[in-house]
Amino acid sequence: MAPRFNPIIAKKGKTRQVLKRPAYLKPKKKANWQRAPDVRDPEAVKQVRGDRDSWKRSLPELLTCSPRALVELLRKDGLLPRLEGSVCPRCQHGTLGKLAPQRQGGPPKHRCNAKNCQAYISLHYAQPLFVDHWGKSHTPLSTQAALLLLLLNRVPHAAIHRLMYVNHKAIEDMQKRLYTLREAYVLEKENEICFGRGHEWADVEADEATFAKKIVQGQVQWEQWCGIVQRGKPGTLVLHRLKPPLAALRAPGPGAVRKVEWKPIAKKWLEGKNVILHTDSAKSYRAQVPGMLHDRVVHKKTRVKVGNKFRWVAPKYVEVQKHRLPGGKVMQVKSGTQIVDRCWRFLKERVTLNQQACVGARMLCMQLRSGQYEYWNRGKDLWTCTGALVQWYLG
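This write-up is about the structure you can find in this document. In this text the structure is predicted, and so the values were computed from the model without any measurement.

1. Brief notes about the overall build of the protein chain
Helix and strand counts for the protein chain stand at 11 helices and 11 strands. Taken over the C-alpha trace, the protein chain has a radius of gyration of 29 Å; the compact-globule value for 395 residues is 21 Å, which it surpasses by more than 25%. Accessible area for the protein chain stands at about 24300 Å²; split by element, carbon and sulfur atoms hold 53% of it. The protein chain carries 72 positive and 31 negative side-chain charges, and their two centres are separated by 7 Å.

Given below as structure tokens:
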């Protein structure tokens, strides 16, 4: 006998899928790996999609502003200092007045009221990013502000030259000054980073990566760095430059971090912090550190004999692990190094290798520190962050 037609239930779609579901079936129990969250920190930074993000300033706004309005805009954003009423930096006696236009044209400047000085001081004096030139190298303040906005958005130098017709030397000069400012900030603030969540146990990942190599007297010298980051908090990224020994010409890499280098790093950052360290299978990470638990994953396939045949077992990049805490409680976490691996990709996208940025060069270190600063402020408005950076420098 044919089933009776029910006109209430829809013929297709999600409505039919819900209404035709048997009521007595209970939802399936979640698997073990589904019950363990990827990031256990409740205060983890949420990701923001780039196509839905917006910054405080835009390129047309900077290019269409009048000179006076642009100065007020940059002061409001923290990119320009307010020098009215401050001591003259030349004579150290007079007081700087308000911005006044120049008779021969050009941007407005502050004037010292001392009788024997009467010097004109630029409105961005002692500012680390904007400069004041004359002749063919003169660049208007609006162009410099637009150039800074394009560099913060990682627009290629050749594209900036085509769009704004700015000399490549001016672009490279501002990029280097931005690198120098970020490096100084990172080196000072990195010492204030503290891993862990107090009495709560936190997940921390560690790994090493190589960025460049060069041949020295028939051997290969590698540029290798070690990184530590807490899951859910990109502002805790810590980088250390390693000194691997010279390798043979055909060596695929410098190898993992050595125990003599890893032990001081782990003791400085992770000792007594109540953290669970997630790494790969390098033997150096097995070092015993008080207040730290450790698990690892295997990043290479293994050959296993099953019966009379050998077969290859795929590597496990993520695995559920159980740890017994000092109080007796059992905690279930996911081991793996996905966060720090994505961090290495983030940094390598911001490194440009050339004659100035090579193994042991300061330019390469500056690029890595600048990428570290961007990783700290990932998902934020870099224009506003740069204003706060300038205020930190001036203070």
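2. Regarding unusual backbone geometry
Backbone geometry at Gln92 places phi at a positive 60 degrees, although glycine is not the residue there. In this model, Tyr165 sits at a positive phi of 55 degrees, which is unusual for a non-glycine residue. Its place among the elements puts Tyr165 in the loop between helix H6 (157-164) and helix H7 (168-189). In this structure Tyr165 comes out as exposed when scored by relative accessible area, which is 73%.

3. Re the side chain of Glu261
Of note, Glu261 is situated in helix H8 (residues 259-269). Here the side chain of Glu261 touches Lys243 through a polar contact of 2.8 Å, landing on its backbone nitrogen. Dropping the residues within four chain positions of it, Glu261 is found in contact with Leu242 and Lys243.

4. Points about helix H10 (residues 362-376)
Along an α-helix, a turn takes 3.6 residues, which lines up residues three or four apart on a common side. Over its 15 residues, H10 runs 21 Å from end to end, which matches the ideal 21 Å to within 8%, given 1.5 Å per residue. In terms of burial, H10 is a largely internal element, 14 of the 15 residues being buried.

5. Some remarks on the pairing of strand S10 (residues 319-324)
A regular strand carries its side chains on alternate faces of the sheet. By the bridge criterion, six bridges tie S10 to strand S11 (residues 330-335) in an arrangement that is antiparallel. Within S11, the position partnered with Val320 by the bridge is Lys334. Linkage of S10 to S11, two consecutive antiparallel strands, is achieved through a turn of five residues, within which Gly328 is found at a positive phi near 105 degrees.

6. Some thoughts on the packing of aromatic side chains
Scanning the model with the defined rule gives six aromatic pairs in all. Geometrically, the ring pair formed by Tyr185 and Tyr373 is edge-to-face, given 5.7 Å between the ring centres and 90 degrees between the ring planes. On the criterion of sequence distance, the pair formed by Tyr185 in helix H7 and Tyr373 in helix H10 is long-range, its members being 188 residues apart. Tyr185 gets classed as partly exposed once you look at its relative accessible area, which sits at 21%. For Tyr373, a relative accessible area of 2% puts it in the buried group. Between Trp262 and Tyr285 the ring centres are 5.0 Å apart and the planes differ by 80 degrees, which places this aromatic pair in the edge-to-face class. Of this pair, Trp262 sits in helix H8 while Tyr285 is found in the loop between strand S6 (275-279) and strand S7 (292-296), placing the two residues 23 residues apart along the sequence. There is no split in this pair, since Trp262 and Tyr285 are both buried. Its end group placed over the ring of Trp312, Lys301 keeps NZ or CZ at 5.0 Å from the ring centre. The ring of Phe346 has Arg350 lying over it, and the distance from NZ or CZ to the ring centre is 3.6 Å.

7. Examining empty space enclosed by the protein
Across all of its chains, the model carries one cavity of 30 Å³ or more by this definition. Taken as a whole, the largest cavity holds about 40 Å³ of empty space. As for the largest cavity, its lining consists of Val39, Arg40, Asp41, Arg197, Ala202, Asp203, Gln230 and Arg231. Class assignment for the residues of the lining of the largest cavity results in two nonpolar, one polar and five charged.

8. As for the packing of helix H5 (residues 141-152) against H6
Viewed as axis vectors pointing N to C, H5 and H6 meet at an angle of 145 degrees, and their least axial separation amounts to 11 Å. Relative to H6, the crossing made by H5 is right-handed. Contacts from Thr143, Ala146, Leu147, Leu150 and Leu151 in H5 reach His157, Ile160 and Met164 in H6. Among the residues forming the contact of H5 with H6, the class breakdown is six nonpolar, two polar and no charged.

9. Looking at the nonpolar core
With 77 residues, the main nonpolar core has Leu74, Phe130, Phe195, Ile228, Trp262, Leu270 and Trp383 as its most contacted residues. Residue contacts for Trp383: discarding those within four places in its chain leaves Trp55, Arg57, Leu62, Leu74, Asp77, Leu79, Ala145, Leu148, Leu149 and Leu152. Counting residues in each nonpolar core, the second largest holds seven residues, with Leu83, Cys88, Leu96 and Ala114 among its members.

Cut-off values and rules
Residues numbered from 1 in each chain as written. Predicted model: local features only at pLDDT ≥ 70, side-chain atom pairs only at ≥ 80, totals over all residues. Heavy atoms only, no water. Helix = DSSP H or I, 4+ residues; strand = E, 2+ residues; numbered from the N terminus. Rg over C-alpha atoms; globule rule 2.2 N^0.38 Å. Areas by Shrake-Rupley, 256 points an atom, 1.4 Å probe, with all protein chains shown as cover. Lys, Arg positive; Asp, Glu negative; His and termini not counted. Charge placed at Lys NZ, Arg CZ, Asp CG, Glu CD. Buried < 20%, exposed > 50% of the residue type's maximum accessible area, 1.4 Å probe, protein only. Polar contact = N/O pair within 3.5 Å; in protein donor to acceptor, adjacent residues only side chain to side chain. Contact = heavy atoms within 4.5 Å. Expected span 1.5 Å × (residues − 1). Pairing = 2+ DSSP bridges. Phe/Tyr/Trp six-rings, centres within 6.5 Å; stacked < 30°, edge-to-face > 60°. Lys NZ or Arg CZ within 6 Å of the ring centre and 35° of its normal. 1 Å grid on protein atoms, 1.4 Å probe; cavity = no way out; pocket = protein on both sides within 12 Å on 5 of 7 lines; lining within 4 Å. Points joined across faces, edges and corners; volume = space filled by probe spheres on them. Nonpolar A, V, L, I, M, F, W, Y, C, P; charged D, E, K, R; others polar. Axes fitted to C-alpha atoms, helices over the stretch in contact; angles between N-to-C directions. Left-handed = near helix turned anticlockwise from the far one by under 90°. Core = buried A, V, L, I, M, F, W, Y, C linked by side-chain atoms within 4.5 Å.

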